[in-house]
Amino acid sequence: MNYDAVFDKAIDRLHAEGRYRVFIDILRNKGAYPNARCFAGHNGPKPITVWCSNDYLGMGQHPKVTAAMEEALHDVGAGSGGTRNIGGNTHYHVELESELADLHDKGGALLFTSGYVSNDATLSTLAKILPGCIIYSDELNHASMIAGIRNAGCEKRVWKHNDLAHLEDLLAADDPETPKLIAFESVYSMDGDVAPIAAICDLADKYNALTYCDEVHAVGMYGARGGGITERDGVAHRVTIIEGTLGKAFGVMGGYIAADQRIVDVIRSYAPGFIFTTSLSPVLVAGVLASVKHLKASSEEREAQQAHAAMLKMLMADAGLPVMHSETHIVPLMVGDPVKAKKISDILLAEYGVYVQPINYPTVPRGTERLRFTPGPFHDEAMMRELTAALAEIWDRLELRVAQAA
């Protein structure tokens, strides 16, 4: 076996398909978000504006967050000391889990090292605990949810995206006595659409199923206290398990679930992804704790984000750009070709100092490649107008406008 040839062929295939991923060398400017410095391919750092960060509200730069992290660093040091079952619960972890349980009006919460791990660990563990469990998964669920379902080794049913009739057909076809879990997201980050959570819960009640809602692209940004779409729509109490991230709107790192204390205890006691890994640094947890507390009490960042997302959509539409319909803060711009998407991204960075990463397969289906913009509270109107003008010029230069309009 020529191992090098196999590896080379795998990478060459990505290049040929136009979806080889390039990660830029970047440093964000503290206190000046969304400004940053790009180091790749330049003689010294080049100033750029970041348009694709998932630090949706700029909380990674917030003075309360950075101050809390600095205080924790000087108080307890850098690391947690290991797994929680060996090193114990750092008090910051206990406080944050209490805050997150309160945020979602649940009996308990459990921290993980990332949102990916929280989905994988929880879904795979639940299905192993429930005998003969069947998981019903929305076809656009995140890769981490798909991994968790695959690792569960249970039966699965994939239902058409947000298609309640199809979901009900699948539920009705299975044995009423079989344990069932419906897994879905609240906000789907590539299209920016929202799940019909109340209606899904109605079906769950009808067919005696548990529900699992991934709120990673909604926590902090929706609801009176940032509890997500489930809080905004008044249905958090109906969802069995709410999963979220600490690395997007909350601006730091980590993942979590919030649920009935009994379920939390089961996952804590059985999930390898929780038991056998070093817990989050207390420095990170302290920062998240400050962020969650702030966003519970302040709607300023949420309101500015929504206003700026609406403005950017309007400006792009007025310029004739193929902005996709989105009912959330996500602003996707359809390209439909991986090579062209990368070309547009490269021109924006090299000529305009604008950073937005192309989104290609398998993140989105082939033929739906796009640029995904995430305007936040600190992207002002001047930035948005400059961005729109740059995109319009590139669309004309590459002769994309007419083709996309057709």
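Here, the structure is the one placed above.
Residues numbered from 1 in each chain as written. Predicted model: local features only at pLDDT ≥ 70, side-chain atom pairs only at ≥ 80, totals over all residues. Heavy atoms only, no water.

Visitor: Help me out: how do you make sense of the packing of aromatic side chains in this one?
Guide: Any two aromatic rings considered together are summarised by their centre-to-centre distance and by the angle between their planes. Under the defined criterion, the tally for this structure stands at 3 aromatic pairs. Geometrically, the ring pair formed by tryptophan 51 and phenylalanine 373 is edge-to-face, given 6.5 Å between the ring centres and 75° between the ring planes. Pair noted here: tryptophan 51 is in the loop between strand S3 (46–50) and helix H2 (63–76) and phenylalanine 373 is in strand S16 (residues 370–373), with a separation of 322 residues, a long-range link. One exposure class covers both tryptophan 51 and phenylalanine 373, and it is buried. Of note, arginine 366 hangs over the ring of tyrosine 361, and the distance from its end group to the ring centre comes to 3.9 Å. (Phe/Tyr/Trp six-rings, centres within 6.5 Å; stacked < 30°, edge-to-face > 60°. Helix = DSSP H or I, 4+ residues; strand = E, 2+ residues; numbered from the N terminus. Buried < 20%, exposed > 50% of the residue type's maximum accessible area, 1.4 Å probe, protein only. Lys NZ or Arg CZ within 6 Å of the ring centre and 35° of its normal.)

Visitor: Honestly, the pairing of strand S12 (residues 255–259) in this entry has me stumped. Any pointers?
Guide: The side chains of a regular strand alternate between both faces of the sheet. Summarising burial for S12: 5 of the 5 residues are buried, a large majority. Residues of S12 alternate between two faces, with Gly255, Ile257 and Ala259 on one and Tyr256 and Ala258 on the opposite face, all of them buried. Pairing of strand S4 (residues 108–112) with S12, which is carried by 5 bridges, proceeds in the antiparallel orientation. Paired with alanine 109 across the two strands is alanine 258, which belongs to S12. Across 5 bridges, the pairing between strand S11 (residues 241–245) and S12 is antiparallel. (Pairing = 2+ DSSP bridges.)

Visitor: When you look at the state of the cysteines in this model, what are you seeing that I'm missing?
Guide: What we call a disulfide is simply a covalent bond connecting the sulfur atoms of a pair of cysteines. What the rule picks out here adds up to 0 disulfides. With no disulfide partner, cysteine 133 has as its closest neighbouring cysteine sulfur the one in cysteine 154, 5.2 Å distant. The thiol of cysteine 213 is not disulfide-bonded; the next cysteine sulfur, from cysteine 201, is found 8.1 Å away. A residue is classified by how much of its surface remains accessible, and cysteine 213, at 0% relative accessible area, is buried. (Disulfide = S-S within 2.5 Å.)

Visitor: How should I be thinking about the sheet that holds S16 in this particular structure?
Guide: Adjacent strands of a sheet form backbone hydrogen bonds with each other and so pair up, either parallel or antiparallel. The 3 strands lie next to each other as S13-S16-S15, forming an open sheet whose pairing is antiparallel. In this open sheet, the two edge strands, each paired with only one partner strand, are strand S13 (331–334) and strand S15 (358–359). Two elements, S13 and S16, share 4 bridges in a ladder whose sense is antiparallel. Following the sheet pairing, proline 332 is matched in S16 by arginine 372.

Visitor: Teacher, can you tell me more about the nonpolar core here?
Guide: Leu96, Leu100, Ile182, Phe184, Ile197 and Leu246 are the most contacted members of the largest nonpolar core, which totals 55 residues. Not counting the four nearest positions on each side in its chain, isoleucine 182 is found in contact with Tyr136, Trp159, Leu167, Leu171, Ile200, Ala204, Ala209, Leu210, Thr211 and Tyr212. With 33 residues, the next largest nonpolar core counts Ala36, Leu321, Val331 and Ile344 among its residues. (Core = buried A, V, L, I, M, F, W, Y, C linked by side-chain atoms within 4.5 Å. Contact = heavy atoms within 4.5 Å.)

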